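What follows is each chain in one-letter form.
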Amino acid sequence: MSDCSNDTATLGASKPATEEVKPNSEESTMAQESPKNSAAEISVTSNGEVDDSHEHGFNRDLKRSLPAGLGLSETQITSHGFDSTKEGVTEAGAFQAGGQRTQAKSGPVILADEIKNPAMEKLELVRKWSLNTYKCTRQIISEKLGRGSRTVDLELEAQIDILRDNKKKYENILRLAQTLSTQLFQMVHTQRQLGDAFADLSLKSLELHEEFGYNADTQKLLAKNGETLLGAINFFIASVNTLVNKTIEDTLMTVKQYESARIEYDAYRTDLEELNLGPRDANTLPKIEQSQLLFQAHKEKYDKMRNDVSIKLKFLEENKVKVLHNQLVLFHNAIAAYFAGNQKQLEQTLKQFHIKLKTPGMEAPSWLEEQ
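Brief notes about the environment of Lys-344
Among the secondary structure elements, Lys-344 is positioned in helix α8 (residues 343–352). In this structure Lys-344 comes out as exposed when scored by relative accessible area, which is 70%. For the pair Lys-344 and Asn-225, spaced 119 residues apart in sequence, the C-alpha separation works out to 9.9 Å.

Notes on the packing of aromatic side chains
For the structure shown, the criterion picks out six aromatic pairs. Arranged with centres 5.0 Å apart and planes meeting at 40 degrees, the rings of Phe-236 and Phe-331 form a pair that is tilted. Placement of Phe-236 in helix α6 (residues 209–277) and of Phe-331 in helix α7 (residues 284–339) is noted, with a sequence separation of 95 residues between them. Residue class for Phe-236 comes out buried when judged on its relative accessible area of 6%. Ring centres of Tyr-258 and Tyr-302 lie 5.7 Å apart, and the angle between their planes is 25 degrees; on these two criteria the pair is classed as stacked. One end of the pair, Tyr-258, is in helix α6; the other, Tyr-302, is in helix α7, with 44 residues separating them in the sequence. Overall, the relative accessible area of 2% leaves Tyr-302 in the buried class. Clustering of aromatic rings is evident, with ring pairs tying together Tyr-258, Tyr-265, Phe-295 and Tyr-302.

Observations concerning the packing of α6 against α8
Direction vectors running N to C along α6 and α8 enclose 25 degrees, while the axes themselves pass 10 Å from each other. Overall, the two elements α6 and α8 adopt an arrangement that is roughly parallel. Every pair of crossing elements has a handedness; the one defined by α6 and α8 is left-handed. Between α6, through Leu-221, Lys-224, Asn-225, Thr-228, Leu-229 and Ala-232, and α8, the contact on the second element is made entirely by Gln-343, Leu-346, Glu-347 and Leu-350. By residue class, the composition of the contact of α6 with α8 is five nonpolar, three polar and two charged.

Let's talk about the confidence of the model for the chain
Caution is warranted with low-pLDDT regions, since their predicted coordinates should not be read in detail. Across the chain, the average pLDDT comes to 74, with 65% of residues at 70 or higher. Taken as a whole, residues 108–113 scores under 50 in pLDDT and shows zero contacts with residues more than four places along the chain or in a different chain. Below a pLDDT of 50 lies the segment residues 366–371, which in the model reaches one contact outside its immediate sequence neighbourhood of four places, other chains included.

Details of the pattern of salt bridges
Under the defined criterion, the tally for this structure stands at 19 salt bridges. Between Glu-317 and Lys-320 there is a salt bridge whose closest N-O contact spans 3.2 Å. Of this pair, Glu-317 and Lys-320 both sit in helix α7, separated by three residues, roughly a single helical turn. The exposure class assigned to Glu-317 is partly exposed, which follows from its relative accessible area of 41%. Judged by relative accessible area, which is 11%, Lys-320 ranks as buried. Here the residues in one salt-bridge network are Glu-143, Arg-262, Asp-266, Arg-269 and Glu-273, joined through shared partners.

Cut-off values and rules
Within each chain, residues carry numbers counting from 1 in the order of the written sequence. Per-residue local features are limited, in this predicted model, to residues with pLDDT of at least 70; the limit for side-chain atom pairs, both in listing and counting, is 80 or more; totals at the level of whole chains, interfaces and linings are taken over all residues. Side-chain metrics rest on all non-hydrogen atoms present in the structure, leaving aside hydrogens and water. Runs of H or I in DSSP of at least four residues are treated as helices and runs of E of at least two as strands, each being numbered from the N terminus. Burial classes follow relative accessibility: with a 1.4 Å probe on protein chains only, a residue under 20% of its type's maximum area counts as buried, one over 50% as exposed, and anything between as partly exposed. Geometry of aromatic contacts follows a simple scheme: Phe, Tyr and Trp rings, the Trp one being its six-membered ring, pair when their centres are within 6.5 Å, and the pair is stacked under 30 degrees between planes, edge-to-face over 60, tilted otherwise. Structural elements are reduced to axes, namely lines fitted to C-alpha atoms, with helices fitted over the stretch in contact, and the angle between N-to-C directions of any two is expressed from 0 to 180 degrees. Roughly parallel means an angle under 35 degrees; roughly antiparallel, over 145; roughly perpendicular, 65 to 115; everything else is oblique. The handedness criterion is simple: a crossing whose near helix is rotated anticlockwise from the far helix by less than a right angle is left-handed, and one whose near helix is rotated clockwise is right-handed. Contact criterion: two residues are considered in contact whenever any of their non-hydrogen atoms come within 4.5 Å of each other. Three residue categories are used. Nonpolar comprises Ala, Val, Leu, Ile, Met, Phe, Trp, Tyr, Cys and Pro, charged comprises Asp, Glu, Lys and Arg, and polar comprises the others, including Gly. Here pLDDT means the predictor's own confidence in every residue, given as a number from 0 to 100. Any Lys or Arg side-chain nitrogen found within 4 Å of a carboxyl oxygen on Asp or Glu counts as a salt bridge.

So this is what it looks like as structure tokens:
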């Protein structure tokens, strides 16, 4: 009995030993599994914190398991705890055939031209315009008060004065010719109505048939000749109007530009003279140089405008003589032929100057007919 009890105790003692060996074998089996399983395990220390010793071990095993032929010069894998908001960060070096990392060289950065601010450009233009306007206004006031000097081209100024005086006289001739045309139109209209009235009475009055008939023919002939003269006068008015209000006016616009350039030139010339009379030091020398440049630019502009005015005045004189010669000959011949009753001469005058009369009540031809 004692032996059986001893054997039973011995067997009971051996069973726990066998059970203790089994967990050890399971741990060794799990240790031999892939690093992926070990990375999935979460260890907790006695203080309740996450034990990351297994993570570092997983990183070491992963580096060892990477083949050497990949040529990755540097690989680093970091992981943070669950309480962190950042994810895992992987940093890798540049891949090269030689297995060496080379950093990109940062050379000098070349920036494009800065985009100009439109507001600043407008502000600068307004500043320059204000300064130029101030100087020109001061120059004009000085000239009117007799304190400032002005540049005068005597020959050119005389030609400009003659042109302005002739323009006023041509405008007066144009106004009188328009008045004559209006009055002649009214007279022709009256003669035509009077001729129709005589013709009607000639048909209704048998006793005065011939007398009314003669007067009707005379008034109709006068109306026809008046229309011919009216066409010549209107052609004269159109040509003189073009000469006065377009050709001469264009030349006077150039004269105005020339006078503005002259005022600017005198204004900057006065500024330069005042600076030259003052002291010369480090502060005034840059101002003198800048004033010299501005004076030179406005001097060139003044010389250019003076040459343009001289050329335009020359061509205007030639054109004026040619145009007025033809128009004055037309006006004289038409008036003389009309009051002499020479209908053929009047018609010949219109043909000479290629004047076509418009038939009363006739509509203008369409553009298809003109083609």
